[in-house]
Amino acid sequence: MQKQSTHELEQRFVEDLYDIAKGHVEALGLPLSGHFSHLNDPLIRWLDFNLRYIEPKPRRVVFSNKFPISNLSTGVADALRRIQSMFEEGKDINPYQGKGMSLYHDPSGKRRATRTDLLWADWGMWHLHLNDAEIPEGEYYAPRSDWLLFCYVFDDGVAFVDVRQHDESGVFEEGGLIETAIRSWPPLFEESRLKSVIGVESGSTTPRSADDTRDLRQGGVQGLLSVDGNVYMPPGGGLTTASTPTRVSLLRNDLVRYVKVLAGLVADPNGPWNEAHQIAPDETFRLVLTPRGLSLYGEKQDGAWVIAETATDETHWATILRRQMSPQWLLERYFGTRRRKPGTF
């Protein structure tokens, strides 16, 4: 049998990428109805969930200019302090995202408004339920609460934006949230700021109603933000015309490209990978998930090579591919495996 060609490997690895994503979706019970067949994409569904999942790790908490907030009841204030402590101690905060994280956000679903978390997709902002009640035994998600914490989550920090009532009209679309965030931490939004815009009055803010924001989101239209004389693209990346997150579609495209890069390395008989591992000429490969993460499996040799993170470059294609398709929290859920020291492909 001849060695797999680059084209054959590309096709095989893309199929494997989708099969792994489909397995994640099914294992986690994420909805993917296929109501619209052209949106029935398990990789989009998986990445939407994984990008919003907050990896448990210690993070420093900072506060916007809205804090301290004086009108909170004792219970809500206690819940806020608990969320802060959980972030700082690196505990699992995802139960407070609410069960909608798993029950909704079907990109192929009939309703545009529930294909993703529109607030996160548009403005890049998370919301957490401030609930001082204990999570019921046997349940993962916290109950729905009357008050919400709006925040930005980063790898090593969290920015608390505001606390609002859940039933407040237009709470997820009201422009004051994003204006507070931009005014509190201008450097965080510098990449979203348009540098040359004509016709915007210096220091002015053009208000946009909650209804307008809702209509733009559900219509899959990018809405610009005018705050204090500056104009911003949606900090979350905005939405596609299908009302799914643009950033998710772009990442999906990146991952497909990355597995094709991998295919080219593996298919090159004189390349460094084949020379280093002395691969048999008739070996056939596929991508699989192992306890150590996303791996390249040789079917004839019955052995696997881990696609590892690079120690020095978080933007390397292998690091991104591994973190998105086999994040550490998922490996722990599947296999109970612990984090390993980063290596190289």
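Residues numbered from 1 in each chain as written. Predicted model: local features only at pLDDT ≥ 70, side-chain atom pairs only at ≥ 80, totals over all residues. Heavy atoms only, no water.

Novice: I keep staring at the overall build of the protein chain and nothing clicks. Help me out?
Specialist: When you go through the protein chain residue by residue, the secondary structure sums to eleven helices and ten strands. For 345 residues, the compact-globule estimate of 2.2 N^0.38 gives 20 Å, and the C-alpha radius of gyration of the protein chain, at 22 Å, lies within 12% of that figure. The 345 residues of the protein chain split such that 50% are buried. Taking the intrachain contacts of the protein chain between residues at least 6 apart in sequence as the baseline, contacts between residues at least 24 apart amount to 66%. When the accessible surface of the protein chain is summed, it comes to about 17000 Å², and 48% of that surface belongs to carbon and sulfur atoms. For the protein chain, the separation between the mean place of its 39 positive charges and that of its 47 negative charges on side chains is 1 Å. (Helix = DSSP H or I, 4+ residues; strand = E, 2+ residues; numbered from the N terminus. Rg over C-alpha atoms; globule rule 2.2 N^0.38 Å. Buried < 20%, exposed > 50% of the residue type's maximum accessible area, 1.4 Å probe, protein only. Contact = heavy atoms within 4.5 Å. Areas by Shrake-Rupley, 256 points an atom, 1.4 Å probe, with all protein chains shown as cover. Lys, Arg positive; Asp, Glu negative; His and termini not counted. Charge placed at Lys NZ, Arg CZ, Asp CG, Glu CD.)

Novice: Would you take a moment to explain the nonpolar core for this structure?
Specialist: Where a protein is soluble and globular, its nonpolar side chains tend to be buried together. With 69 residues, the main nonpolar core has W46, F87, F160 and M325 as its most contacted residues. In terms of residue count, the dominant contributor to this core is helix α8 (residues 246-267) (ten residues). Those residues within four positions of W46 in sequence are excluded, and the remaining contacts are A21, H24, V25, L28, Q324, M325, P327, W329 and L330. W123, L148, V161 and I182 belong to the second-largest nonpolar core, a separate cluster that totals 18 residues. (Core = buried A, V, L, I, M, F, W, Y, C linked by side-chain atoms within 4.5 Å.)

Novice: Before we go on, may I ask you to explain the confidence of the model for the protein chain in this structure?
Specialist: As a general rule, the predicted coordinates of low-pLDDT regions are not to be interpreted in detail. Residues of the protein chain with pLDDT of at least 70 account for 94%, and the chain-wide mean is 90. Considering only residues more than four positions removed or in separate chains, one finds that residues 339-345, a stretch of pLDDT under 50, has 18 contacts. (pLDDT = per-residue confidence, 0-100.)

Novice: I'm lost on the sheet that holds strand β3 (residues 147-153) in this one. Help?
Specialist: As a general point, the strands of a sheet are linked pairwise by backbone hydrogen bonds and lie either parallel or antiparallel. As summarised here, the arrangement of the four strands in space is β1-β4-β3-β2, forming an open sheet in which the pairing is mixed. Edge positions in the open sheet fall to β1 (60-63) and β2 (126-129), since each of these has one partner strand only. The sheet shows a mean angle of 35° between the axes of neighbouring strands, direction not considered. Where helix α3 (residues 74-89) meets the sheet, its contacts fall on β1, β2, β3 and β4 (157-165), and the angle it forms with β4 comes to roughly 165°. (Pairing = 2+ DSSP bridges. Axes fitted to C-alpha atoms, helices over the stretch in contact; angles between N-to-C directions.)

Novice: What's the story with the sheet that holds strand β9 (residues 293-298) in this structure? I'm lost.
Specialist: Sheet architecture is open: three strands sit in the order β8-β9-β10, paired in antiparallel fashion. If you trace the sheet from one side to the other, it starts and ends with β8 (285-290) and β10 (303-306), each paired once. For this sheet, the mean angle separating the axes of adjacent strands, direction not counted, is 40°. Across four bridges, β9 lies against β10 in antiparallel orientation. Across the sheet, the residue bridging to S295 is V306, located in β10. Running at roughly 75° to β8, helix α11 (residues 328-335) makes contact with β8 and β9 of the sheet.

Novice: Whenever I open this one, α3 confuses me. Can you help?
Specialist: Given 3.6 residues per turn, any residue in an α-helix points the same way as the ones three and four places further on. Relative to the 22 Å expected for 16 residues at 1.5 Å per residue, α3 spans 22 Å between its end C-alpha atoms, a close match to the ideal helical length. Every buried residue belonging to α3 is among V76, A77, A79, L80, I83, M86 and F87, and all of these are buried. If you follow the buried residues of α3, they end up packed against β1, β2, β3 and β4. Once α3 finishes, G90 follows within two positions and takes phi at roughly 75°, a positive value. (Expected span 1.5 Å × (residues − 1).)

Novice: Teacher, can you tell me more about the side chain of H129 here?
Specialist: On the secondary structure map, H129 appears in strand β2. Among the polar contacts listed, one links the side chain of H129 to the backbone nitrogen of S145, at a separation of 3.2 Å. (Polar contact = N/O pair within 3.5 Å; in protein donor to acceptor, adjacent residues only side chain to side chain.)

Novice: Mind showing me how you'd approach the side chain of H24 here?
Specialist: Examined against the element boundaries, H24 turns out to sit in helix α1 (residues 6-27). Polar side-chain contacts of H24 include one of 2.9 Å to the backbone oxygen of M325.

Novice: What should I look at first to understand unusual backbone geometry in this one?
Specialist: Negative phi values dominate among residues other than glycine, just as trans dominates among peptide bonds. That bond from F67 to P68 is cis: its omega, -5°, falls within 30 degrees of zero. Residue placement: P68 occurs in the loop between β1 and α3. Residue D228 is not a glycine yet carries a positive backbone phi of 50°. Considering the arrangement of structural elements, one finds D228 in the loop between β6 (225-227) and β7 (230-232). Despite not being glycine, S243 shows a phi value in the positive range, around 60°. Within the secondary structure, S243 sits in the loop between β7 and α8.

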